Every structure is written in C-alpha cells, then in structure tokens.
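Fold and contact review
Spelled out from the first residue to the last, the chains are:
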Amino acid sequence: MEESARESRVLQAIDKLHGLIIPKCKIKGCENGFIRDAAKVNLDGLLHPTSHKCECFQTYERYKSYLISNIPREFWKVKDEQITTDPDSDRRISIYLEKLTQAFENGIGLLFLGSDEGMLHPNNGVGKTLLGTKILEHAIASDYSAHYITMHSYFNLVYRSKDDADTYLPVIDEIEGVDFLCIDEVGKINDTDYVKNKFEDMIRYRSQQMLTNIIITNMNTKELTDMFGYSIMDIIMNSSVAIKLRGNSHRQQKFVDIRKRLNWGL
Ligand SMILES: [Zn+2]
C-alpha cells in the first residue's frame, strides 16, 4: 500500500519538477522544452519541421532520473569538483569513475568505511552519502539503473513484505535488481536472524548477478564482520574496492555551500 503511495508521490514530484524547470527557461526559442530547428525542405518537396531538446528539458530528464533512483534532492546540484576527500581517496574515486563501465562489467563496487568527521560537507554525516550518490549519478549518466537506499529503509521494506508480499516483494525485487545499488548507513542492527539472512541473500544474489554495490558505513571491516558474519563480508570484500576516507578541516573549506551562495544576507 505504502509503496504505491510512494509511486504516486514520485509521479507527483516529477510533474512538479517539470513545472519548476521548463516554464522558467530563458533560452531563446525554447517552447515547452524544445527548440525548433531551421525548417528544411525534404526531397519530397514538403516542409518537415524538426526540433531538439532544450537544455532545460535535459536538466528535467536528469533530475527525473534522480527522483526515480531515490537520490536525496539536497545533492542534485552539487558538482563533482565541489567534492573532495583526502588526495589518495580522491585519486581512487576518480579512477573508479573513469573505469565505471569495466567496474560494472566485473561487478566491482565500492565500500566506503570509517567516520564522516570533518570532511566533504559542513553538515556532519552526509559526506559519504554525497559521494555515494555522485557515483550513482555517474552511473545514471551512463544509462545504468541505480537506486539509493539506507539499510534501515531496506529492512523496513523487508519487514513489510512479510505481511504484504504482493505489494512489497516487487518493490524489493526492483531495488535488488538495479545495476548500481547504494546502501547507506550500513551499521548496527537489532540482532534478528531474519534480517541478517535477508541482507545476506540480497548481497549474495547481487554478487551472483555481478551487480554493483556502493556500500557506505561508519564501521570498520572488523565491526562489519562481527555484525554480519564472515561469509557476507567475504563476498563484499571480494566485490568491492574499500576506501577508508580521511577527511580534515582544511578540505572542508573547499566545499562551496550552495545555501551560502544564494547570498541572501540572512
Ligand atoms: Zn528550455
């Protein structure tokens, strides 16, 4: 039930997005997101009007795919160059993005470990999330399917599917089947075998299908192994490049806060 509510929320948000972007376009010749090309007379002697997508329509389409992939809206406008970590991690992340197709073909994901403290973003705790979503955005730009979910939300879906399989299983299947899945806030869970088994099934299934995971956690590998067991960790470690981020306050200053750039003097 709730998921069909989510679906209609997404559809409404897409409508709203269209209204926010397309009518406000200032680009010359833009009519409802399209620009008419110079008229050409074809061989048949008739006029065949054609048009191409305006920039505004391309932006709309990009944001629409972010909505569908559940990418938090606060990150949509953050540009890659606004994101820095430590030099070694920066280098490794940019290599990963350059080799995204190969990474996907081999099912190689990323595992972001450690604390968010003092890095990337002035708001505590979103640094790694921002990185994870940027990787999804690159994947989407390369026409891969992607989804962002916190472990907590994933487990909520799993619990609900116990009572209402017809509604929730298709949703879970869709999420588990995307090319790039970013699972955020992987951490301590109340120790129930049901949830752990489900998580293990998901990781195992995605590994067998060679689908790519971007896993984000504040834990270290030992804590993860203690939490989820050796067998899942073995799969995760064999299909991910682990990146332990070491941020510092110097880098934090390089981040341009979009809210500050609005410059309202508030
Ligand atoms: Zn336009």
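Just so we're clear, the structure is a prediction, and the values are computed from it rather than from any experiment.

Residues Phe112, Leu136, Phe180, Cys182 and Ile183 are the most contacted members of the largest nonpolar core, which totals 38 residues. Listed by contribution, the elements that provide at least two residues to this core are α2 (55-68), β4 (109-113), α5 (127-141), β5 (146-150), β6 (180-186), α8 (193-208), β7 (212-217) and α10 (230-238). Here this core spans two domains, and each of domain 1 (1-68) and domain 2 (72-266) adds at least three residues to it. In this view, Ile183 contacts Ile149, Met151, Tyr154, Asn213, Ile215 and Ile216; residues no more than four positions away in its chain are not counted.

Attention shifts here to the confidence of the model for the protein chain. On average, residues of the protein chain score 85 in pLDDT, and 85% of them are at 70 or above. Here residues 118-125 scores under 50 on pLDDT; set against residues more than four positions off or in separate chains, the count is 26 contacts. Counting interchain partners and residues more than four positions distant, the pLDDT-below-50 stretch residues 248-256 has 16 contacts.

On to α8. It helps to recall that an α-helix has 3.6 residues per turn; residues three or four apart then point in one direction. The end-to-end C-alpha separation of α8 is 22 Å, in line with the 22 Å expected for 16 residues at 1.5 Å each. Residues of α8 that are buried: Phe199, Ile203 and Arg206. The buried residues of α8 occupy one face: seen down the axis, they fall within an arc of 70°. α8 presents Asp193, Tyr194, Asn197 and Gln208 as exposed residues on the side facing more than 90 degrees away from its buried surface. Buried residues in α8 make contact with α7 (165-176), β6, β7, α9 (221-228) and α10. Looking at the residues trailing α8, positive phi occurs at Met210, about 55°.

This brings us to unusual backbone geometry. Unusually for a residue other than glycine, Glu185 sits at a positive phi of about 55°. Inspection of the secondary structure assignment puts Glu185 in strand β6. Look at Glu185 and you get partly exposed, because 16 C-beta atoms sit within 10 Å.

Moving on, we get to the sheet that holds strand β1 (residues 30-31). A sheet is described by the order of its strands in space; here three strands give the open sequence β1-β2-β3, paired in antiparallel fashion. Looking at the sheet topology across the chains shown, the edges are occupied by β1 and β3 (51-53).

Let's shift gears to the sheet that holds strand β8 (residues 240-244). One open sheet holds the five strands; their spatial order is β5-β6-β7-β4-β8, and the pairing between them is parallel. In this open sheet, the two strands that pair with only one neighbour each are β5 and β8. With direction set aside, neighbouring strand axes in the sheet form an average angle of 15°. Pairing of β6 with β7, which is carried by five bridges, proceeds in the parallel orientation. Paired with Phe180 across the two strands is Thr212, which belongs to β7. Those strands touched by helix α6 (residues 151-163) are β5 and β6, and its axis lies near 90° from that of β5.

Parameters at a glance
- Residues numbered from 1 in each chain as written.
- Predicted model: local features only at pLDDT ≥ 70, side-chain atom pairs only at ≥ 80, totals over all residues.
- Core = buried A, V, L, I, M, F, W, Y, C linked by C-beta atoms within 7 Å.
- Buried ≥ 20, exposed ≤ 12 C-beta atoms within 10 Å, placed from the backbone.
- Helix = DSSP H or I, 4+ residues; strand = E, 2+ residues; numbered from the N terminus.
- Domains from an automatic or database assignment.
- Contact = placed C-beta atoms within 7 Å.
- pLDDT = per-residue confidence, 0-100.
- Expected span 1.5 Å × (residues − 1).
- Arc of directions from axis to C-beta.
- Pairing = 2+ DSSP bridges.
- Axes fitted to C-alpha atoms, helices over the stretch in contact; angles between N-to-C directions.

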